[in-house]
Amino acid sequence: MIAECFLVVYIFLYFCHPIYGIMNEVQNQVKLPLSNLERKAERREIRLNADFFSLFDNSEILDAYADVVLEAKKVAETISVVVSFEGEITVPCDRCLEALAVSVRGENALSLRFGEAEDSDDWGNEEEDVMYLNRGAGEADLTVYVYESLCLAMPIQRVHGDDAEGNSLCNPEMTKYIKDS
Ligand SMILES: [Zn+2]
């Protein structure tokens, strides 16, 4: 009986926990409702902050924000989505490990289709990104797609630049420490 009481309290606290609420809210922003697309195109502007990035448990991302615009329209059986974004992701510098804010910006096109990937004859010949949705799905969860778009927009090399005199803006003590160790 006591154990059951604990379970009820635990479940109650879990769903009322502020973090749970925030995470749900964050993720709901990136879910695209599909029901209205039969009638009109959808445009949604979202400001994503560190809460969104923390959904993915990537310890490399120290801080981040991004302004994302989702534009969706339905043409025949396909929903075309354009994801444009502009923001900043703070990661450790490759050279000195101190925080480095890198700008990310880009525009990706995604097609949403209904059914299984195997249904499609031309699967594998796609040049565009395609996401398959269950038939009758009421919304498309673009959380992973948007996250990956932002991460892939980061430069491969993430190093502090130089100042006007050509001196590295890396933390010199850290650079020396890493070189010596
Ligand atoms: Zn650096």
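Residues numbered from 1 in each chain as written. Predicted model: local features only at pLDDT ≥ 70, side-chain atom pairs only at ≥ 80, totals over all residues.

## Observations concerning the overall build of the chain
Right, so step 1: Helices and strands together make up the secondary structure of the chain, namely five helices and seven strands.
Right, so step 2: If you list the helices and strands of the chain from N to C, you get α-α-β-β-α-β-β-β-β-β-α-α.
Right, so step 3: Across the 181 residues that make up the chain, the buried fraction comes to 14%. (Helix = DSSP H or I, 4+ residues; strand = E, 2+ residues; numbered from the N terminus. Buried ≥ 20, exposed ≤ 12 C-beta atoms within 10 Å, placed from the backbone.)

## A few points about unusual backbone geometry
Right, so step 1: Positive phi, normally seen in glycine, also occurs at D57, with a value near 60 degrees.
Right, so step 2: Of note, L97 is a non-glycine position whose phi angle comes to about 70 degrees, a positive value.
Right, so step 3: You can see L97 is positioned in the loop between β4 (78-92) and β5 (99-114).

## Concerning the nonpolar core
Right, so step 1: Membership of the largest hydrophobic core comes to 23 residues, with the highest contact counts inside it found for A66, V68, L70, V81, V83, V146 and L150.
Right, so step 2: If you list the elements that add at least two residues to this core, you get α3 (50-53), β3 (63-75), β4, β5 and α4 (143-152).
Right, so step 3: Considering each element in turn, this core owes the most residues, six residues, to β4.
Right, so step 4: For A66, the residues in contact, after removing those within four places along its chain, are L48, F85, E86, G87, V104 and L150. (Core = buried A, V, L, I, M, F, W, Y, C linked by C-beta atoms within 7 Å. Contact = placed C-beta atoms within 7 Å.)

## Describing the environment of C151
Right, so step 1: You can see C151 is positioned in helix α4.
Right, so step 2: Residue classification places C151 among the partly exposed positions, given that 17 C-beta atoms sit within 10 Å.
Right, so step 3: Sequence separation between C151 and I61 is 90 residues; the distance between their C-alpha atoms is 9.5 Å.

## What to know about the pairing of β5
Right, so step 1: Where β4 lies against β5, 14 bridges are found, and the strand directions are antiparallel. When the bridges of β5 are listed, E86 appears paired with R105.
Right, so step 2: The turn linking β4 back onto β5 is made up of six residues, and L97 within it adopts a positive phi angle of 70 degrees.
Right, so step 3: As paired elements, β5 and strand β6 (residues 129-133) share five bridges and run parallel to each other. Each residue of the ladder has a partner; that of F114, found in β6, is L133. (Pairing = 2+ DSSP bridges.)

## Topic: the pairing of β3
Right, so step 1: Bridge count between strand β2 (residues 42-48) and β3: seven bridges; the pairing is antiparallel. Bridging across to β3, R43 finds its partner in E71.
Right, so step 2: Counted between consecutive antiparallel strands, the loop separating β3 from β4 contains two residues, among which A76 sits at a positive phi close to 55 degrees.

## A word on α4
Right, so step 1: Buried within α4 are the following residues: V146, Y147, S149 and L150. One side of α4 holds all its buried residues, which, seen down the axis, span an arc of 160 degrees. Counted as exposed and oriented over 90 degrees from the buried face of α4: V144 and L152.
Right, so step 2: Each element contacted by the buried residues of α4 is listed here: β3, β4 and β5. (Arc of directions from axis to C-beta.)

## Remarks on the sheet that holds β6
Right, so step 1: Strand order in the open sheet made by the five strands is β2-β3-β4-β5-β6, with mixed pairing throughout. Edge positions in the open sheet fall to β2 and β6, since each of these has one partner strand only. Taken over all neighbouring pairs, the strand axes of this sheet differ in orientation by 20 degrees on average, direction set aside.
Right, so step 2: Packed on one face of the sheet, α4 meets β3, β4, β5 and β6 and runs near 50 degrees to β4. (Axes fitted to C-alpha atoms, helices over the stretch in contact; angles between N-to-C directions.)

## Things to note about the environment of L37
Right, so step 1: Among the secondary structure elements, L37 is positioned in the loop between β1 (31-33) and β2.
Right, so step 2: Sequence spacing of L37 and I79 is 42 residues, and the spatial spacing of their C-alpha atoms is 8.3 Å.
Right, so step 3: Those residues in contact with L37 that sit more than four places away from it in its chain are E42, A72, K73, K74 and I79.

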